[in-house]
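As a plain string of letters, each chain reads:
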Amino acid sequence: MSLAIISPGRNPQVWIDALIFHQPDIDIQIYPDIKRPEDVEMALLWQHPPGYLDTFPNLKLISSLGAGVDHILSDPAVPASMPIVRIVDEKLTWSMTNYVVMGVLNFHRQITRYQADQKRKVWDMSNPEIPVKVGVMGVGALGGDVLDKLNYLGFPVFGFGFTKKDDFPYPYFSKDHLQDFLNEINVLVCLLPLTPETESILDLKFFKKCQTGTYLINVARGKHLVEEDLIPALNQGFLSGAMLDVYRQEPLPDTHPFWEEERIQITPHIASVTNPRAASPQIIENFRRLRSNQPLLNLVDRKKGY
Ligand code: NDP
């Protein structure tokens, strides 16, 4: 019984080292050098070639190498009955929360304004803080922690999710109450999974519903945002700025207008990168559970798509 790592264009060695560290006798095969496809029962995927899983006649479980599974579900060759697990990990959550806190504080304490003032030798003590009310779309493993930490720092926080939640610890809006949610906030954090329902959710129509001058932080997926609508939303004042970590095309093409736009801060999909040492134990545990027919950890609901 073998575990395949299929992560084209990335060095798999850190994963091999981490998995072997936690289970020295594990049988690992690495794409594209898979010699015994019939032995593979679990595949670890990050942006695998679509259709490639057909190579494995005995595949029983797919694990994402990250929190998101959109890269797996977008492959029509993945059978509807195939269980898919994903990474939920404290280290991943910690990094994501730190990134979002940085974005919120940048807006609240206006770091870009002071950087511009520094270049021009301007000493301007007026209005040093922008009052902030933060809304987080997606209150799962990542969004939930973001809410907790921002609440701890003293910011009013609001959650937005798919299902109704009666006992949520913060003001909460389910998906049919988007306008009520947006009325409360002036910083919007997108931490939704990418599903057919959430794709392109952040478009001009959406931004028109926001409070004037809302600040956007998108750390989920590039396809949540209709990119050509962002600069018009800034120009029309619906938004005042944005911090983006994810894009429709990655790496962001040289000709993309976001590179030149001062109101948009960009980072290269680094908000939170899976740490192989931290994530390997749950992968190995799922491999073990697969063999002993026990319930899997962090199982994706195939109907919901996350
Ligand atoms: P979870 O599955 O734990 O949480 C998803 C949340 O989104 C849930 O609260 C769910 O609502 C809500 N949701 C789903 N669909 C909708 C909808 N149509 N309308 C409103 N709310 C919806 O995911 P994680 O928190 O672990 O991860 C979120 C995403 O973050 C990942 O899918 C990934 O794409 C992205 N990510 C980005 C990284 C980066 O470096 N930029 C790193 C890691 C992840 P409910 O609670 O009601 O089910």
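Above this text you will find the structure in question.
Parameters at a glance
Residues numbered from 1 in each chain as written. Predicted model: local features only at pLDDT ≥ 70, side-chain atom pairs only at ≥ 80, totals over all residues. Heavy atoms only, no water. Helix = DSSP H or I, 4+ residues; strand = E, 2+ residues; numbered from the N terminus. Rg over C-alpha atoms; globule rule 2.2 N^0.38 Å. Buried < 20%, exposed > 50% of the residue type's maximum accessible area, 1.4 Å probe, protein only. Contact = heavy atoms within 4.5 Å. Areas by Shrake-Rupley, 256 points an atom, 1.4 Å probe, with all protein chains shown as cover. Near = heavy atom within 4 Å. Polar contact = N/O pair within 3.5 Å; in protein donor to acceptor, adjacent residues only side chain to side chain. Nonpolar A, V, L, I, M, F, W, Y, C, P; charged D, E, K, R; others polar. Salt bridge = Lys/Arg side-chain N within 4 Å of Asp/Glu carboxyl O. Phe/Tyr/Trp six-rings, centres within 6.5 Å; stacked < 30°, edge-to-face > 60°. Lys NZ or Arg CZ within 6 Å of the ring centre and 35° of its normal.

**Examining the overall build of the protein**
Looking only at helices and strands, the protein features nine helices and twelve strands. Taking 19 Å as the expected radius of gyration for a compact globule of 306 residues, we find that the protein reaches 21 Å, a close match to that expectation. In terms of overall dimensions, the protein has C-alpha extents of about 65 × 45 × 35 Å along its principal axes. Residue burial in the protein is summarised as follows: out of 306 residues, 51% are buried. Long-range contacts, defined here as pairs at least 24 residues apart, represent 59% of the contacts in the protein between residues at least 6 apart. Surface exposure of the protein reaches about 15400 Å², of which carbon and sulfur atoms provide 53%.

**A closer look at the site of the ligand**
Residues in close proximity to the ligand total 31 residues, the closest being Arg86, Val139, Thr163, Lys165 and Tyr306. Lysine 165 is positioned with one of its side-chain polar atoms (N or O) 2.7 Å from an oxygen atom of the ligand. Considered on its own, the ligand offers 960 Å² of accessible surface; in the complex 93% of this is hidden by protein. Counting only elements with at least two residues in the shell around the ligand, the list comes to helix H5 (141-152) and strand E7 (157-161). Partitioned by chemical class, the residues of the shell around the ligand number 16 nonpolar, eight polar and seven charged.

**Let's talk about the pattern of salt bridges**
On inspection of all chains with the given rule, the structure shows 16 salt bridges. A salt bridge links lysine 35 to aspartate 33, with the nearest nitrogen and oxygen atoms 3.4 Å apart. Each of the two residues, lysine 35 as well as aspartate 33, counts as exposed. As a salt-bridge pair, lysine 149 and aspartate 145 come within 3.0 Å of each other at their nearest N and O atoms. Of this pair, lysine 149 and aspartate 145 both sit in helix H5, four residues apart, which is roughly one turn of the helix. Among the residues examined, lysine 149 registers a relative accessible area of 35% and is labelled partly exposed. Accessibility expressed as a relative area gives 17% for aspartate 145, which makes it buried. Among the charged side chains, a salt-bridge network with shared partners connects Arg113, Asp117, Arg120 and Asp124.

**Digging into the packing of aromatic side chains**
Under the counting rule described, the total for this entry stands at nine aromatic pairs. When the ring of phenylalanine 168 is compared with that of tyrosine 170, the centres are 6.2 Å apart and the planes differ by 75°; the resulting orientation is edge-to-face. With relative accessibility at 14%, the residue tyrosine 170 sits in the buried group. Across from the ring centre of phenylalanine 287, 4.6 Å away, lies the NZ or CZ of arginine 291, which sits over that ring.

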